[in-house]
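Structural description and commentary
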Amino acid sequence: GFGFEMLLRASVLAALSVAAYGFTVPSTLPSASRVRAASTAVNMAVKRKDKYSITTLPGDGIGPEIIAGAIVACNAVAKKQGFEIEWKEALIGGAALDACNDPCPEATLKQMKASDSCLLAAIGGPKWDANPRELRPETGLLKMRKELGLFANLRPAVVLDQLIDASTLKPEVVKGVDIMVVRELTGDVYFGTPKGIEMVDGERFGYNNMCYKESEIRRIAKVAFDLAMKRGKKVCSIDKANVLDVSQLWRDVVIEESGNYPEVELTHQYVDNAAMQLIRWPKQFDVMVTGNIFGDILSDEASMLVGSLGMLPSASVGDPSGPGVFEPCHGSAPDIAGTDKANPLATILSAAMMFRYDLDRPEAADALEAAVNKALDDGLRTADLDSKKSIGCKQMGEEVAKRI
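Residues numbered from 1 in each chain as written. Predicted model: local features only at pLDDT ≥ 70, side-chain atom pairs only at ≥ 80, totals over all residues. Heavy atoms only, no water.

Concerning the pattern of salt bridges
In the structure shown here, the tally under the stated rule is 24 salt bridges. Note that E363 and R48 form a salt bridge whose closest N and O atoms lie 2.5 Å from each other. Taken together, the residues E363 in helix α13 (residues 362-377) and R48 in the loop between β2 (41-47) and β3 (51-59) connect sequence positions 315 residues apart. The class of E363 is partly exposed, set by a relative accessible area of 25%. Among the ionic pairs, D239 bridges to R251, the shortest N-O distance being 2.9 Å. Here R251 lies in helix α9 (residues 245-258) and D239 lies in strand β10 (residues 234-239), a separation of 12 residues in the sequence. (Salt bridge = Lys/Arg side-chain N within 4 Å of Asp/Glu carboxyl O. Helix = DSSP H or I, 4+ residues; strand = E, 2+ residues; numbered from the N terminus. Buried < 20%, exposed > 50% of the residue type's maximum accessible area, 1.4 Å probe, protein only.)

Structure below.
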C-alpha cells in the first residue's frame, strides 16, 4: 500500500523543520534534542526523555471518542518502545463553556504552555451556535492559536491507494495526488478589527476586517517556499487580488519573497478558480499557500480528494517558545457523537506527527504510521470510508494498537 511515511515525511518534514528552525531547513533533524530558533537558537520545549506530559483537548462532539482511540494507540507505542506518557486533559470549546463559561480558560492555556505537546480533537456544535460571539467554541480555538503563536497550519492531502475508491472523484483524477496546504492561522478576517454588529440607519449592520501585515504574509510565504524546496519546487499562492486590496498586498509580498527562491516555480490563482481547479485537476498542485479564511475552506475541500476528513492530520506550529498543537482536520460531527461511528485515524496520525516533531520520538511516529497503514491494508474501514463494511471508532483504535 501507499505508506503514510510519504504522507508525513516527504510532505511535512520540511514544513515542520521550517517552523522549528526559523525558516531554514536543516539536512537532518537533531537526534537528542530539538532546536527552535527565532532571532537566536534556543533549546526546544523537550529533549528525548523517558516520560512526556501531553495535554489532550477532547473538546466537543466526537472529540472524546477519537482522543480515546489515539490514546490507546499511543500507549501501545509507548509500552512497546519503553517510555511513558502522562496524559493531562484540559477544557476547550463547548465543554469549557459548559464548565466555566469560557471557551478557552486561562487554566487550559497555562497547562498547554507547560506541556511537552498538545493533542486536540474537535470543538463546536449546535448547542452553542446561538451564543454571543465571545461565548462560542470557535472563539476559544482562535484565542488558543493567538496565545500560543500558532501562525502556520500544515495540512497534507495525499490520496492513498487503499482508499482511492473512497473519493467521490474518478480514480484517474485523484490517483497520485500529493498536496500540502499551508494556511496562515492568526491573521485575516478571523482576527481583523474592528468587527461587530451594530444598528445603522435603523437596521443591523455586520462587519469584519480582512487584515494582514506584510510581516505576517512574508513569514507564511517563507514556510511555503522552504517546504516546496523539499518537495516539487512549486508554490501556488491563492488570493483574490482582482477585488481585494489585502489580497493585492498578499500577492505583492509573496512575489517579493519568491525572489529568494529562484528554483521554486510560483503561480497564482484566485480563490474561486482554485476551488474549481482542486476538483478539475488536483495533480497540478504541490504546495498551496493562502490566508486564513481561504485556507480554511480549501483545505477542507482538498480533504475530500482523499475520501474523508477522517483521514487527514494537521499541525499548527509557529512560536518557537512553546509546543505545537496537533489535530485532525475534521470538525466535531455532533450528528454522530456517541454512536461509535467516528474515524480516529486522523487523530492517530496527528499523534504520529506529534511524536516526530514535538517529542523527538521518530520511531514512535514510524510505528503509528505503519500500524495505520497495516490496518487499511487489512481492509479495516470506519463508516465514513465504507458505510457497508465498517467497524467502530473504539475498535479501530484498538486494531491500530494491535498492529504496533
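Some thoughts on the environment of P323
Here P323 lies in the loop between β13 (313-317) and β14 (325-328). Since its relative accessible area comes to 4%, P323 is described here as buried. In this structure the C-alpha to C-alpha distance between P323 and G149, which are 174 residues apart in sequence, comes to 9.8 Å.

Structural notes on the sheet that holds strand β5 (residues 117-122)
The strand order β4-β3-β5-β14-β13-β6-β7-β12-β10-β11 describes an open sheet built from 10 strands, whose pairing is mixed. The sheet is open, and its two borders are formed by β4 (84-89) and β11 (265-270), each paired with just one other strand. Neighbour to neighbour, the strand axes of the sheet diverge by 25° on average, direction disregarded. In the sheet, β5 pairs with β14 via two bridges, with the strands oriented parallel. Bridge assignment links C118 to a residue of β14, and that residue is V325. Across the sheet, helix α3 (residues 63-81) lies against β3, β4, β5 and β14, angled at about 145° from β5, the strand it touches most. (Pairing = 2+ DSSP bridges. Axes fitted to C-alpha atoms, helices over the stretch in contact; angles between N-to-C directions. Contact = heavy atoms within 4.5 Å.)

Concerning the side chain of D60
If you trace the backbone, D60 turns up in the loop between β3 and α3. Look at D60: it is buried, it has no salt bridge, and the nearest opposite charge is K127 at 8.2 Å. A distance of 2.7 Å separates a polar atom in the side chain of D60 from the backbone nitrogen of G124. If near-sequence neighbours (up to four positions away) are discounted, D60 is found in contact with I92, G93, G94, A95, A122, I123, G124, W128, P137 and S332. (Lys, Arg positive; Asp, Glu negative; His and termini not counted. Polar contact = N/O pair within 3.5 Å; in protein donor to acceptor, adjacent residues only side chain to side chain.)

Describing the packing of α3 against helix α14 (residues 393-402)
Their axes nearest at 8 Å, the elements α3 and α14 cross at an angle of 15°. One element, α3, and the other, α14, form an angle in the roughly parallel class. Taken as a pair, α3 and α14 cross one another with a handedness that is right-handed. In contact with E65, I66, G69, V72, A73 and A76 of α3, α14 contributes C393, G397, E398, V400 and A401. (Parallel < 35°, antiparallel > 145°, perpendicular 65-115°, else oblique. Left-handed = near helix turned anticlockwise from the far one by under 90°.)

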